[in-house]
Amino acid sequence: MERIVILTGAGISRESGLATFRDEAGVWSRVRLEDVCTPEGFARNPDQVDAFYNHRRQELQHVAPNAAHRALAELEQAYGANEDDAFLLITQNIDDLHERAGSHNVVHMHGELLQLRCLSCGATPTWHQDCTRATACPECGAQALRPDVVWFGEMPLHMEGIMDAIARCDCFVAIGTSATVYPAAGFTELATNHAHTVELNLAPSGKAGLFDEAAYGPATSVVPRFVKSRLAAETS
């Protein structure tokens, strides 16, 4: 069986009720990214940053995985049953909807909303409650916790493993991503010389011309349809 790498962006979680960032009514239309999504913003006003991520953490508890998340979990199960490294799901999202849908081989390149990072000891505890400046690290007790997410100006996580997986894949699929934020926006170019590339999106992205195959529409429609055709092809 071929190796497949999936990249997902905010568009796959939109239909679960989570706002995207760059759309007209997205997150950045309501709050300045410089205030809540940069190290400088955190240094200036950590209380504001805490409040922003506390709200997003609470919001996540009231949504559920959708048909697109579940379809990718089904695809992983089919691929993973044959070879351990045949399937990798890279997500730009910090939500846990892929895991809740049943996916296991998931890499969060921008960190995880339900995780904190201690600036004192480096611990990354799982966290579902609010976090304030008075919240103590469960490992060392220091009041030095921040969201374990990648902010603008910081290096995305797991890049070595991601680049290796893309270099070895036979199929690369981008789902629900605007293809404007690097380094993820450059992943398609890395795959074009050796892999079949697919874009599944609400509308063509800025990199649409680079893909070998594309389908446009709501993620809950195009992703399950793609997975169904992929599984049928593998078993034929």
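Residues numbered from 1 in each chain as written. Predicted model: local features only at pLDDT ≥ 70, side-chain atom pairs only at ≥ 80, totals over all residues. Heavy atoms only, no water.

A.B. asks: Would you mind going over the UniProt feature "binding site: substrate" (unreviewed entry) in the chain with me for this structure?
C.D. replies: In this structure's numbering, the residues bearing the UniProt feature "binding site: substrate" (unreviewed entry) are Tyr 53 and Arg 56. Within the element layout of this structure, Tyr 53 appears in helix α4 (residues 46–60). For Tyr 53, a relative accessible area of 2% translates into the label buried. Non-local contacts of Tyr 53, meaning those with residues more than four positions away in its chain, are made with Val 36, Cys 37, Ile 94, Leu 113, Pro 147, Val 149 and Trp 151. Along the chain, Arg 56 falls in helix α4. (UniProt positions renumbered as here; feature names shortened; annotations may be inferred. Helix = DSSP H or I, 4+ residues; strand = E, 2+ residues; numbered from the N terminus. Buried < 20%, exposed > 50% of the residue type's maximum accessible area, 1.4 Å probe, protein only. Contact = heavy atoms within 4.5 Å.)

A.B. asks: Looking at this structure, I do not really get the pairing of strand β6 (residues 171–175). What am I missing?
C.D. replies: Strand residues, when the strand is regular, have side chains that alternate between the two faces of the sheet. Counting buried positions along β6 gives five out of five residues, so the element sits mostly inside the fold. Neither face of β6 is left uncovered, since the one carrying Cys 171, Val 173 and Ile 175 and the one carrying Phe 172 and Ala 174 both have all their residues buried. Pairing between strand β1 (residues 4–8) and β6: five bridges, direction parallel. Looking at β6, one finds that Ile 6 is bridged to Val 173. Bridge count between β6 and strand β7 (residues 196–201): five bridges; the pairing is parallel. Bridging from a neighbouring strand, Cys 171 pairs with His 196 of β7. (Pairing = 2+ DSSP bridges.)

A.B. asks: Hey, could you run me through the pairing of β1 in this one?
C.D. replies: For β1, a buried count of five out of five residues is recorded, marking the element as mostly surrounded by other parts of the structure. Because side chains alternate across β1, one face comprises the buried residues Ile 4, Ile 6 and Thr 8, and the other comprises Val 5 and Leu 7, equally buried. Bridging between β1 and strand β2 (residues 87–91) involves five bridges; their strand directions are parallel. Following the sheet pairing, Val 5 is matched in β2 by Leu 88.

A.B. asks: Is there a simple way to think about the packing of aromatic side chains in this case?
C.D. replies: One pair of aromatic rings is described through two measures. These are the centre distance and the angle between the planes. Enumeration over the complete set of coordinates arrives at four aromatic pairs. When the centroid spacing of 5.3 Å and the interplanar angle of 45° are considered together, the rings of Phe 42 and Trp 151 count as tilted. Of the two residues, Phe 42 sits in helix α3 (residues 39–44) while Trp 151 sits in the loop between β5 (145–149) and α7 (159–168), which places them 109 residues apart along the sequence. Residues Tyr 79 and Phe 87 carry aromatic rings whose centres are separated by 6.4 Å and whose planes lie at 55° to one another, so their mutual orientation is tilted. Side by side, Tyr 79 and Phe 87 carry an identical accessibility label, which is buried. An aromatic cluster is present here, built from Phe 42, Phe 52, Tyr 53 and Trp 151 joined pairwise through their rings. (Phe/Tyr/Trp six-rings, centres within 6.5 Å; stacked < 30°, edge-to-face > 60°.)

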